[in-house]
Amino acid sequence: MAEDVHYFWYGSGSLPEYTVESIGRTARLGYTPTLWVYSPVRNAPEGCVTKDAGQVVPHEWFRTNVLDSKMLAGRKESVVYASFSDVFRAAVLFEVGGGWFDVDVIPLRRLPEVEAVVATCPRRLTGPYARSAPHFSTVPDGDINTSVMFAKRGTAWLGEYLNACRAYFEARNERAAPNSFSPWLSILVRKMPVEFAAGPLL
């Protein structure tokens, strides 16, 4: 499994405490955390490599389809940027390869040495994330959760996922997209080898 773990941050010039903790733990577990940003951050933790996000998703595309999107106007910034991370995670894994952690993921241990990982969540969670059934029947006991992903550069299903995410944002900007791109992701999950969408690790 690749040693590089990618993060994306857009917002204030300082990372939240939980993101600093996440990146720090990732480094202590032996991974190399890479933080992709469009503008500098002041408190990237030791061991973190900071890179220009425009190398992966050009800033012009980000500005046109996210910052200046009429469809996204008036929505909470946290919702907008969290949605954009779907595009960025697909792009960075397809073009660079390695791992992806959302900025609120706190890793407790290294992941198994396998070719690829797409995280799942147990369907029997309690509280606000509880579900009576999984999103996709191909997952034995849970939902797809893209907050943790590992894959090789150029993996075919990641390219399809990236194209779907880009199309979703571009269509939203033209007021022509569906409310969710779950149908696209559902199709992609069915194409994955079963070991890529295995039961929950925890």
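So, a few notes on the structure that sits alongside this text. One numbering rule holds for all chains: residues counted from 1, following each sequence as written. This being a predicted model, a pLDDT of at least 70 is required before a residue's local features are given, and a value of 80 or more before pairs of side-chain atoms are given or counted; all residues contribute to the totals for chains, interfaces and linings. For the side-chain quantities, the full set of heavy atoms in the structure was used; hydrogens and water were omitted.

Here we take up the overall build of the protein. By the criteria applied, helices consist of DSSP H or I runs no shorter than four residues and strands consist of E runs no shorter than two, each listed in order from the N terminus. Assigned secondary structure in the protein consists of five helices and six strands. Helices and strands appear in the protein in the N-to-C order β-α-β-β-α-α-β-β-β-α-α. Here the term buried applies to any residue with accessible area under 20% of the maximum for its type, exposed to any over 50%, and partly exposed to those in between, with areas from a 1.4 Å probe on protein chains only. Counting the 202 residues in the protein, one finds 46% classified as buried. What makes two residues a contact is simply this: any of their non-hydrogen atoms within 4.5 Å. Put simply, 69% of the contacts in the protein that link residues at least 6 apart link residues at least 24 apart. Method for areas: the Shrake-Rupley scheme with a 1.4 Å probe, in which residue coverage is limited to the protein chains shown. For the protein, the exposed surface amounts to about 10,500 Å²; the carbon and sulfur share of it is 53%.

With that settled, consider the pattern of salt bridges. One side-chain nitrogen of Lys or Arg within 4 Å of one carboxyl oxygen of Asp or Glu is enough to make a salt bridge. Applying the stated criterion to the full structure yields seven salt bridges. When the shortest N-O distance is used, the salt bridge between Asp86 and Arg89 registers 3.0 Å. Residue Asp86 and its partner Arg89 are both found in helix 3 (residues 77–95); the two are separated by three residues, about one turn of the helix. Pair check on accessibility: Asp86 and Arg89 agree, each one buried.

Nine residue types can take part in a nonpolar core, namely buried Ala, Val, Leu, Ile, Met, Phe, Trp, Tyr and Cys, and a core is a set of them joined through side-chain atoms within 4.5 Å. In this structure, Phe8, Val57, Phe84, Val87 and Phe88 are the most contacted members of the largest nonpolar core, which totals 27 residues. Elements supplying a minimum of two residues to this core: helix 2 (59–67), helix 3, strand 6 (142–151) and helix 4 (156–173). Considering every element that reaches this core, the biggest residue donor is helix 3, with eight residues. Ranked by size, the runner-up nonpolar core spans 16 residues in total, among them Tyr31, Val37, Val41 and Leu111.

As a further point, take the pairing of strand 2 (residues 32–37). With five of six residues buried, strand 2 lies mostly within the body of the structure. Pairing between strands is defined by DSSP: at least two bridges between them are needed. As paired elements, strand 1 (residues 4–9) and strand 2 share six bridges and run parallel to each other. What sits directly across from His6, in strand 2, is Thr34. Viewed with both strands pointing away, a crossover whose connecting path from the first strand over the helix to the second turns clockwise is right-handed. What joins strand 1 to strand 2 is helix 1 (residues 17–28), and the crossover it makes is right-handed. Sheet analysis places strand 2 next to strand 3 (residues 49–52), joined by four bridges and oriented parallel.

Before going further, it helps to examine the side chain of Arg89. Taking the relative accessible area as the measure of exposure, Arg89 reaches 3% and is therefore buried. Distance and chemistry together define a polar contact, namely a pair of N or O atoms within 3.5 Å, with one atom able to donate a hydrogen and the other to accept it when in protein, and with adjacent residues in sequence counting only for side-chain atoms on both sides. At 2.8 Å, the side chain of Arg89 and the side chain of Asp102 are in polar contact. With residues near it in sequence (within four places) discarded, Arg89 still touches Ala82, Trp100, Asp102, Thr146, Ser147, Met149 and Tyr161.

Below, the discussion takes up the packing of aromatic side chains. Stacked, edge-to-face and tilted are the three classes for Phe, Tyr and Trp ring pairs, Trp counted by its six-membered ring, which pair at centre distances within 6.5 Å; planes under 30 degrees apart are stacked, over 60 edge-to-face, the rest tilted. Tallied over the full model, the rule gives 14 aromatic pairs. Look at Trp61 and Phe84: their rings are 6.3 Å apart centre to centre, the planes differ by 35 degrees, and that puts the pair in the tilted class. Of this pair, Trp61 sits in helix 2 while Phe84 sits in helix 3, placing them 23 residues apart in sequence. For Trp61, a relative accessible area of 16% puts it in the buried group.

What follows deals with the environment of Gln55. Following the sequence through the fold, Gln55 ends up in the loop between strand 3 and helix 2. For Gln55, a relative accessible area of 57% corresponds to the exposed category. Distance in space between the C-alpha atoms of Gln55 and Tyr38 is 9.6 Å, their sequence separation being 17 residues. Setting aside its immediate chain neighbours within four residues, Gln55 contacts Trp36 and Glu95.

One can find Thr32 in strand 2. For the pair formed by Thr32 and His6, sequence separation is 26 residues and the distance between their alpha carbons is 8.5 Å.

The values are spatial; any link to function lies outside them.
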